[in-house]
Amino acid sequence: MRPSATASPCVFADDTLYCSAKGPFTPGPGNLQGVYASTLEAQVRQTMRNLIDGLEEAGLELSNVVATNVYLDDINDFSRMNRVYGQYFPDIPPARTTVAQLAPTNRKPANEDTYPSLEQISLIAVK
């Protein structure tokens with residue numbers, strides 16, 4: 001994935017992969033990294049897909065993940081996020097920190113199909 005203005009791509013340091021926070025944008029030709037999922041649950045699924053893509057490019061998988069940071073714009077969404085997140089780590093989940101970001105003043109769509117990002121997730125994985 002292309003770097004964004006606020007995040008760099010995943011990088012290796014020895015056998016450790018560091019991935020900056022990824023959000024629920026849908027990659028694709030001509031897409032300006034818009035968010036097309038309207039619900040938190042769908043956004044978490046897209047974010048996880050984006051993180052899995054980075055892991056696979058590095059020859060890793062979710063079982064290599066040792067730590068994550070979850071950034072929510074509303075900490076009251078924790079249980080909804082956690083239900084989806086837990087589906088990706090059903091056995092032994094990685095160490096995780098969840099924090100609430102400074103909430104945006106407006107959670108309404110920018111237009112009919114582009115929504116504000118409600119979460120982001122970063123990770124650390126080891127070969």
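Residues numbered from 1 in each chain as written. Predicted model: local features only at pLDDT ≥ 70, side-chain atom pairs only at ≥ 80, totals over all residues. Heavy atoms only, no water.

Q: Honestly, the sheet that holds strand 3 (residues 65-72) in this entry has me stumped. Any pointers?
A: In a beta sheet, neighbouring strands are held together by backbone hydrogen bonds and run either parallel or antiparallel to one another. Pairing is mixed in the open sheet, where 5 strands are placed in the order 1-2-5-3-4. In the strand order of this sheet, the two ends are held by strand 1 (11-13) and strand 4 (95-100), each with one partner. Averaged over all pairs of adjacent strands, the angle between strand axes in this sheet comes to 15 degrees, irrespective of strand direction. Looking at chain direction, strand 1 and strand 2 (residues 16-22) are connected through 3 bridges and run antiparallel. Across the sheet, the residue bridging to valine 11 is tyrosine 18, located in strand 2. Helix 2 (residues 78-88) rests against strand 3, strand 4 and strand 5 (119-126) of the sheet, and its axis sits at about 150 degrees to strand 4. (Pairing = 2+ DSSP bridges. Helix = DSSP H or I, 4+ residues; strand = E, 2+ residues; numbered from the N terminus. Axes fitted to C-alpha atoms, helices over the stretch in contact; angles between N-to-C directions. Contact = heavy atoms within 4.5 Å.)

Q: Help me understand the state of the cysteines, please; the structure alone is not making it clear to me.
A: As used here, a disulfide is simply a covalent bond connecting the sulfur atoms of two cysteines. Following the criterion strictly, the structure yields 1 disulfide and no others. Paired by a disulfide, cysteine 10 and cysteine 19 hold their sulfur atoms 2.1 Å apart. In this structure the cystine formed by cysteine 10 and cysteine 19 twists about its S-S bond by roughly 115 degrees; its chirality is therefore right-handed. Residue cysteine 10 is classed as partly exposed on the basis of its relative accessible area of 24%. By relative accessible area, cysteine 19 is classed as buried at 4%. (Disulfide = S-S within 2.5 Å. Buried < 20%, exposed > 50% of the residue type's maximum accessible area, 1.4 Å probe, protein only.)

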